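Summary of structural features
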Amino acid sequence: MIGSFHLVLALLAPLIGATTVYQAFDIAPRLAASHERWQRVSWYVVGIWMVGLGIWAQHFVGVLARVPQLRNGLDPLLCIASGLLALLLAGVVLVVTNVATLSPRRLLVGSLAAGACVLPMHLLMVASLHLPAVRVGDVDAIWAWYGLTCVVAAVALRLVHVFRARHSRSLRRRIPVAAGVALVLVTALHVAMRVSGARFPGGDDADSAAVVWVGMMIGVVALVSMGTAIGLSEWVTRLYRRTRRLAGSLDDLNDRLRYLATHDALTGLPNRVTLVERLRRALEGARAGQGHVAVLYIDLDGFKNINDSLGHGAGDQLLCAVAERLTGQLRYDSVARVGGDEFVAVLERMRAPESAHGIVERVLQVMQDTFVIEGTSLCVTPSIGVAHFPQDGEDVEALIAHADVAMYTAKQCGRNGYSIYDTSMRQRAERALTIQRGLLTAIEDGSLSLHFQSKYDARTGAIVGAEALARWTHPELGAVPPMEFIAVAERSGQIGRIGEWVIREACRQIEDWRERGLPPIRIAINLSPLQLNQPGLVDTAARIVAEAGSDPSLIMFEVTESMAMENAERTTLMLQNFRTRGFEFAIDDFGTGYSSLAYLQKFQVRQLKIDRFFIQALDEGGTEARAIIAAIIELAHTLAMEVVAEGVETATQAELLRTLGCDQVQGYYLSLPMPPDEFERRCLLGAPVSLPL
């Protein structure tokens, strides 16, 4: 004992008080951040228990600091009663401060309630110690002490609310404030003991040791409990925040995935999924009488050439610029990118179907301006197909498909324009779809066959070769013209497979004739532009010929002049590769493109085939066609090339070509394309044809 204090307990009491205040500061923002009911209930339970324990322990240790001895022990019921009042006081603090705005009225009521809890708690605590001659001072002193307690409570409530509102997590701000409030509380406690008039009889050191031991046990238990609660609450909060961050990240990821699932990653426009939903809602509105609906299918003319020449980076920039220009004329959420350079727009709530035509014309007009990509001015125009609801389709799929068909019609009509769907387009589209489906099994079911058209020596009439021509008979459509099904095969990507079959079938037929002792004959095979652009074409052809055991020199590939000159450098390299493997090459439709003598010399092809346009002109008796053919023949012979005239249909044409020095002739006048058996009987086993002399 030093004076009238147990020094250890006198120092322990404000420490407990500071920890209690810090506990309140810690619980308040957690309550404020709790959005779920179970979270609020949990923090209320923890907060009331810990803050109440701290209030009771601080008060009890503070009283024991003035008690020299415990002669009659403690009254447990009175201790429990004082503890319950401390819990009630803690509840008042947390409930009053757990609001967004602490009004003066709420603060006043809370302060009065807190003071009403403190006074009986103190009296019950003093009584539980069996202090002798405990007397209560005059009423005025009691009211003064109650008023002081209410003022201290008001300050404490305001501070707790401040920390609750600011969500402060700073120890440097909490600790000094908590310590200051604790000193005020301890001072108020000593004032209360003076006012209550409690007398503390003297005692010996043994009695003093017992008091210190009891006070230390209560204080340590309270400090350990509150410290553990503060640590656990911090851990739980961090775990909760980490979970929230993870949940937030997952939400962000889900939002991103939803965006990518509904939008085009390059342009940011809605994609086909969003378009379908948008169009479905528009059709529902149209059925309810909310205006007319039309679908625009937009394809860019010449985009592939730009993409191939400037690179995919420039192509992507161009697509973004096109998307921006389209959305400048149409609503952002009504335009979708559905393919590489294909866009679809939904026009809804129009007063009349004709309103769509004006919108389409505005789109065409705005697309005429050049685009500047990486410092290069580019011009890309659209071909647009238009389909109206309900006359052109009553559901989403039909409208989009019919607008697509109309767009292809616009391309066939010269591009840079628009076409409105009609039923004839539908018939053509259905026929094209039937052809596309039939081609899937044409090789396996034997409906695709190879015919041969002879090539004859213009001087002797002897057969010197043949051109392999694919023919197809559809089970429902009958004989489909080659130009039609080849075009469908190119659009659907099936031309590569069909082209390989043609090479394989030609090699098989050559070997079949050879095994039966017939003379070898060179077969010419046409290559489409898509085949020419196909990587590994030369390797594939060489492999097929090697597997068949054929002589590659008996295979001559033909490409059109315009196709060869589209990328002359690439064609030169490819032809060199073909020649290295032993194949021959011919330039078809010569005279209609833009060949240069330099590249013709580089190509070093075996044959030039004069286009049938010039051959047909020979019957007219003019000199121009004859002069052009004579020049081509002389040019080819100068470059050591053979000249083949295709499309010979009259005796006059055959005679003039022979006199002009043409090497070979081919056409209906001499021989129609025939199946292999008939070709063998009439051409390979027959006598040379008689050409006019």
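One structure accompanies this document, and this report is about it. Remember, it's a predicted structure, so these values are computed and weren't measured experimentally.

Quick word on the overall build of the chain
- When helices and strands are tallied, the chain shows 24 helices and 16 strands.
- In the chain, which comprises 693 residues, the share counted as buried stands at 48%.
- Within the chain, contacts between residues separated by at least 24 positions form 75% of all contacts whose residues are at least 6 apart in sequence.
- Taken as a whole, the chain presents about 33,200 Å² of accessible surface, with 58% of it coming from carbon and sulfur.

A short note on the nonpolar core
- Among the nonpolar cores identified, the biggest contains 82 residues, and Ile523, Phe557 and Phe578 are the most heavily contacted of them.
- Considering each element in turn, this core owes the most residues, 9 residues, to helix H15 (residues 495–515).
- If near-sequence neighbours (up to four positions away) are discounted, Ile523 is found in contact with Phe452, Ala466, Ala468, Ala506, Ile510, Trp513, Leu554, Ile555 and Met556.
- One finds Leu85, Ala90, Val92 and Met121 within the second-largest nonpolar core, a separate group that totals 46 residues.

Considerations on the side chain of Gln666
- Residue position: Gln666 is located in the loop between strand S16 (664–665) and helix H24 (676–684).
- A polar contact is formed between the side chain of Gln666 and the side chain of Glu467, at a distance of 2.6 Å.
- Sequence-distant contacts of Gln666, defined by excluding residues within four places in its chain, comprise Gln453, Ser454, Lys455, Glu467, Lys609, Val644, Ala645, Glu646, Gly647 and Val648.

Re the pairing of strand S11 (residues 522–526)
- Here S11 lies mainly inside the structure; 4 of its 5 residues are buried.
- The pairing of strand S9 (residues 463–474) with S11 spans 4 bridges and is classified as parallel. When the bridges of S11 are listed, Glu467 appears paired with Ala524.
- Looking at chain direction, S11 and strand S12 (residues 555–560) are connected through 4 bridges and run parallel. Note on S12: the bridge partner recorded for Ile525 is Phe557.

Definitions and limits used
- Residues numbered from 1 in each chain as written.
- Predicted model: local features only at pLDDT ≥ 70, side-chain atom pairs only at ≥ 80, totals over all residues.
- Heavy atoms only, no water.
- Helix = DSSP H or I, 4+ residues; strand = E, 2+ residues; numbered from the N terminus.
- Buried < 20%, exposed > 50% of the residue type's maximum accessible area, 1.4 Å probe, protein only.
- Contact = heavy atoms within 4.5 Å.
- Areas by Shrake-Rupley, 256 points an atom, 1.4 Å probe, with all protein chains shown as cover.
- Core = buried A, V, L, I, M, F, W, Y, C linked by side-chain atoms within 4.5 Å.
- Polar contact = N/O pair within 3.5 Å; in protein donor to acceptor, adjacent residues only side chain to side chain.
- Pairing = 2+ DSSP bridges.

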